[in-house]
Amino acid sequence: MHFEYTSQQCDNQQLYRRFAQQIVAPLARQIDETEQFPSELVRQMADLGFLGALVPEEHGGQPLDLLSFGLLNEELGNACSSTRSLITVHSMVTFALKRWGRPAQQAQWLPLLAKGEKIGAFALSEPNIGSNAGYIETTAVPQGDSVVLNGRKKWITFGQIADLFLLFARQNGQPIALLVEKETPGLTIQPISGMIGTRGAMLAELALDNCHIPTQNMLAGVGFGIMAVAMSALDIGRYSVAWGSVGIGQASLEASLAYSQSREQFGQPISKFQLIQQMVTNMVTHVKAARLLCLQAGYALENQQANATNDILIAKYFASKTAMEVASDAVQIHGANGCSSDYPVQRFLRDAKVMEIIEGSHQMQQIMIAKNAYLA
């Protein structure tokens, strides 16, 4: 299969790269060290249409083809994984609304989300439930024209600043998906800090204590919360993380090339040493392979091919694995400097580890890919 970007996709990529390197990259260390995400950066991304990348024009979006959406995630991931994380979870919510929302829900929320006037977050994980999403413990009890939510959600990316949560619960043993506003009485949001990577992603734990949610806020129907709404949103999330992982790998490679040519030992740049060249060779090869898998997944997703979900799983698995390996080698090439906050490769390594866990852990990807292989 031959991939060649259209002229529009090339123009998009240049726009994303300029924004990522000129605006985002200079803020990346501050975002990481303060564990805070600048509101001005949210506004700038909204103004450029990034927050409406998957929102139809009729709802105020600036929709991208899915390859351009992937390129956006790569360039942001190259500069700052926390910034890319906002695109990931926000787009998961807009995609779910576009795919499963009723017209009234779409008309109410999509324009606000597209403009960045409201931020969306994906609330699936719980203190006791991560990969085993089919057995979420948060309960939804029908009561008149509403359901009453009780439970906890944890590790919610951008949960500290989100205005709208796509939240999953169980009603009479069946999974449901609901839109929950942050001002809902009984909803308490507790910041989570001290994470190993993507420290600026504003993680939170949500406590739901008798939260009354109108039944009109339900997406799809009872029983469709996980296999329909969550799984389709997770396709977008994994696709975004896969491309973001390519961005980490590319950033690690670029940093290693620059450092190895300027750092001298034994009278010559360390780039002259064969073991350094071996690591660089592996970086170049694996990053390119990961990017090609992402392109294949994007093509399948854009064209609604039956194998799209599996291609996304493969891309996310390989790209996150590559990001971790390449970032680790980048730290090794930098030596003691690689362990210092004065160099970004230590941040790349910490962020890469998170990529192997979020939107389905490394091991869950392996299980699902193997299962699909046996069914093929």
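The model shown is predicted, which means the values in this text are computed figures rather than measured ones. (Residues numbered from 1 in each chain as written. Predicted model: local features only at pLDDT ≥ 70, side-chain atom pairs only at ≥ 80, totals over all residues. Heavy atoms only, no water.)

(A) Molecular detail of the overall build of the protein chain. Check the secondary structure of the protein chain and you find 10 helices and 10 strands. Within the protein chain, the proportion of its 376 residues that are buried is 54%. Relative to all contacts within the protein chain whose residues are 6 or more apart in sequence, the contacts with residues 24 or more apart total 74%. Accessible surface for the protein chain amounts to roughly 16,200 Å². Of this, 52% is attributable to carbon and sulfur atoms. One finds the centroid of the 27 positive side-chain charges in the protein chain at a distance of 4 Å from the centroid of its 32 negative side-chain charges. (Helix = DSSP H or I, 4+ residues; strand = E, 2+ residues; numbered from the N terminus. Buried < 20%, exposed > 50% of the residue type's maximum accessible area, 1.4 Å probe, protein only. Contact = heavy atoms within 4.5 Å. Areas by Shrake-Rupley, 256 points an atom, 1.4 Å probe, with all protein chains shown as cover. Lys, Arg positive; Asp, Glu negative; His and termini not counted. Charge placed at Lys NZ, Arg CZ, Asp CG, Glu CD.)

(B) Expanded view of the side chain of Q13. Looking at the secondary structure, you find Q13 in helix α1 (residues 7–34). Non-local contacts of Q13, meaning those with residues more than four positions away in its chain, are made with Y5, L71 and E75.

(C) Examining the packing of aromatic side chains more closely. Evaluation of the coordinates by the stated rule reveals 8 aromatic pairs. Plain terms: the ring middles of F69 and Y239 are 6.5 Å apart, the flat faces sit at 20° to each other, and that makes the pair stacked. Of this pair, F69 sits in helix α3 (residues 66–79) while Y239 is found in helix α6 (residues 225–262), placing the two residues 170 residues apart along the sequence. Taken together, a centroid distance of 6.4 Å and an interplanar angle of 85° make the contact between Y239 and W243 edge-to-face. Here W243 and Y239 lie together in helix α6, a separation of 4 residues that amounts to about one turn. By the burial criterion, Y239 is buried, and W243 matches it. (Phe/Tyr/Trp six-rings, centres within 6.5 Å; stacked < 30°, edge-to-face > 60°.)

(D) Quick look at helix α5 (residues 103–114). Along its 12 residues, α5 runs 16 Å from first to last C-alpha, staying within 8% of the 16 Å computed at 1.5 Å per residue. Of the residues making up α5, those classed as buried are Q105, Q106, W109, L110, L113 and A114. Projected onto a plane normal to the axis of α5, the buried residues spread over an arc of 125° and lie on a single side. Positive phi shows up at G116, right after α5, with a value of about 75°. (Expected span 1.5 Å × (residues − 1). Arc of directions from axis to C-beta.)

(E) Structural context of the packing of α3 against helix α7 (residues 274–302). Interhelical geometry of α3 versus α7 gives an angle of 145° and a closest axis separation of 8 Å. Classified by chirality, the crossing of α7 by α3 is right-handed. Judged by residue contacts, L66, L67 and E74 of α3 engage R291, L295, G298, Y299, L301 and E302 from α7. Its residues placed into classes, the contact of α3 with α7 shows 5 nonpolar, 1 polar and 3 charged. (Axes fitted to C-alpha atoms, helices over the stretch in contact; angles between N-to-C directions. Left-handed = near helix turned anticlockwise from the far one by under 90°. Nonpolar A, V, L, I, M, F, W, Y, C, P; charged D, E, K, R; others polar.)

(F) Representation of the nonpolar core within the structure. Core analysis: the largest hydrophobic core is formed by 97 residues, its most contacted members being F37, F122, L166, F168 and Y239. When residues in this core are grouped by element, the largest group, 16 residues, is from α6. Setting aside chain neighbours within four positions, we find L166 in contact with M92, V93, A96, A121, F122, A123, A177, L178, L179, L219 and V229. By size, the runner-up hydrophobic cluster in this structure holds 19 residues, among which are L167, A169, L187 and L208. (Core = buried A, V, L, I, M, F, W, Y, C linked by side-chain atoms within 4.5 Å.)

(G) View of the state of the cysteines. Evaluated as defined, the whole model comprises 0 disulfides. For the unlinked cysteine C80, the closest cysteine sulfur is that of C294, found at 19 Å. Given the relative accessible area of 3%, C80 is considered buried. (Disulfide = S-S within 2.5 Å.)

(H) Summary view of the packing of α6 against α7. Following both chains from N to C, one finds α6 and α7 inclined at 155°, their axes separated by 10 Å at the closest point. Compared by their axis directions, α6 and α7 come out roughly antiparallel. Crossing geometry of α6 relative to α7 is assigned as left-handed. From α6, I236, Y239, A242, W243, V246, G249, Q250, L253, S256, L257 and S260 reach across to α7, where they touch I276, V280, M283, V284, V287, A290, R291, C294, L295, A297, G298 and L301. Per-class residue counts for the contact of α6 with α7 are 17 nonpolar, 5 polar and 1 charged. (Parallel < 35°, antiparallel > 145°, perpendicular 65-115°, else oblique.)

(I) Structural context of the pattern of salt bridges. The full count for this structure, using the stated rule, is 12 salt bridges. Here the salt bridges do not stand alone but share partners, grouping R29, E33 and D342 into one network. (Salt bridge = Lys/Arg side-chain N within 4 Å of Asp/Glu carboxyl O.)

(J) Structural context of unusual backbone geometry. Notably, T198 is not glycine yet its phi reads approximately 40°, a positive angle. Positionally, T198 belongs in the loop between β6 (187–191) and β7 (204–214). Notably, M202 is not glycine yet its phi reads approximately 55°, a positive angle. Here M202 shows up in the loop between β6 and β7. The exposure class assigned to M202 is buried, which follows from its relative accessible area of 5%.

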